[in-house]
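# Architecture and fold: a report
Listed below are the residues making up each chain.
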Amino acid sequence: MTTIIDGKAIAQALRARVGEAVAEIGRAHGIQPGLAVVLVGEDPASAVYVRNKGKATVEAGLQSFEHKLDASIAQADLLALIDRLNRDDAVDGILVQLPLPAHIDAERVLQAIDPAKDVDGFHPVNVGRLWTGAPALAPCTPTGCMRMIRGVLPKISGREAVIVGRSNIVGKPMAAMLLAESATVTIAHSRTQDLQQRCLNADILVAAVGRPEMIRGDWVKPGAIVIDVGINRVPRGDGKSRLVGDVAYDEAAPRARAITPVPGGVGPMTIACLIENALVAACRRRGIQPPTL
Ligand code: NDP
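Since this is a predicted model, take the numbers as computed values, not measurements. (Residues numbered from 1 in each chain as written. Predicted model: local features only at pLDDT ≥ 70, side-chain atom pairs only at ≥ 80, totals over all residues. Heavy atoms only, no water.)

### Considering the sheet that holds strand β7 (residues 204–207)
Quick note on the threshold: DSSP bridges decide pairing: two strands pair if at least two such bridges lie between them. Helix and strand assignments come from DSSP, with helices taken as H or I runs of at least 4 residues and strands as E runs of at least 2, each series counted from the N terminus.
Pairing is parallel across the open sheet formed by six strands, whose spatial order is β1-β11-β8-β7-β5-β6. Of all strands in the sheet, those bounded by a partner on one side alone are β1 (3–4) and β6 (184–188). The pairing of β7 with strand β8 (residues 225–228) spans four bridges and is parallel. Looking at β8, one finds that Val-206 is bridged to Ile-227.

Below, the structure written as structure tokens:
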């Protein structure tokens, strides 16, 4: 029987535990962690993400600071805001919603964030810490994937893991995290040869490509754990659209030992891990041991 990994339920439980931990450090240390989210421009998808992040932040008992800026903001003004947030002691985490308008150098902005407040884990200091095994603020989506993998596979050590996709926000940090747990890791990408064959070797198969249902059922090793990060909107035929992952779910699910659905799999975990990162940042900045959730 295939286990359908219920990301919504796992995320909800994690958010509740973050909420309890926030209340606990409030009682013990008299602090309320704060998360600042910066949105530049009017991109509707980004606006929805920011609204959901703000809602989850407040629900978990953290302070939420939202900065909505005009798409025409000068890069220097955005950097000045980041500088203010870096100095603001009430702000423990800073997230700049991507993508940024074309006239702004996103790399420069992300690097301006204090690594101690970098809850997205995109700053080179945190990337380096993640790869060297030092305590890092790690990217939220792969952190969520690891939680889901551990939930169905307590011993990752020695397993073959194949990650399809090598982005800085998903594929590469996912590889670092699986390697840290002693999986044997392959990172595949658009130039990879024999992709199906490589996927067929995977005990743990992570798809982070952005191509609807590219990974077919006969690419999945029987008994594999399949984590589908992809979120793709495709036409439904009645003028409306629906969300599908990078994995052809109906074909893959019968072969997999466990699989994440889309929607309701990896997606909800990202926000839960974000507020966990904000809590961790708040603790570390004050020399408090972060709770294990
Ligand atoms: P990117 O576009 O940054 O990276 C896609 C990767 O897939 C690249 O490494 C690319 O290879 C690789 N790729 C593209 N085509 C192929 C192919 N035919 N065969 C093999 N590899 C291929 O995407 P992201 O990592 O940002 O996102 C991936 C997906 O995950 C998207 O659907 C995105 O919406 C979703 N996502 C979901 C999140 C969530 O919260 N659930 C969070 C973040 C992303 P190359 O490097 O060679 O070009």
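### A short note on the site of the ligand
Defined as follows: It suffices for a single heavy atom of a residue to lie within 4 Å of a molecule or strand for the residue to be listed as near it. Each polar contact in these results corresponds to two N or O atoms within 3.5 Å; when the atoms are within protein, one needs to be able to donate a hydrogen and the other to accept it, and residues that are neighboring in sequence are counted only if both atoms are side-chain atoms. Surface accessibility follows the Shrake-Rupley procedure with a 1.4 Å probe radius. Residue values consider only the protein chains on display as shielding.
If you check the shell around the ligand, you find 22 residues, and the closest are Arg-166, Ser-167, Ser-190, Arg-211 and Thr-270. His-189 is positioned such that a nitrogen or oxygen atom in its backbone is 3.5 Å from a nitrogen atom of the ligand. Residue Thr-270 places a side-chain N or O atom 2.8 Å away from an oxygen atom belonging to the ligand. For the ligand, whose unbound accessible area comes to 920 Å², protein coverage reaches 70%.

### Remarks on unusual backbone geometry
At the junction of Leu-98 and Pro-99, the peptide bond is cis and its omega measures out at 0 degrees in the coordinates. With respect to the secondary-structure elements, Pro-99 resides in the loop between β4 (93–96) and α4 (106–112). Omega for the peptide link from Val-262 to Pro-263 comes to -5 degrees, which places this bond in the cis form. Within the secondary structure layout, Pro-263 lies in the loop between β11 (258–259) and α10 (266–285). The phi torsion at Asp-194 lies on the positive side, around 55 degrees, for a residue other than glycine. The topology assignment puts Asp-194 in the loop between β6 and α8 (195–200). A positive phi is found at Glu-213, a non-glycine position, where the angle reads about 55 degrees. Relative to the helices and strands, Glu-213 is located in the loop between β7 and β8.

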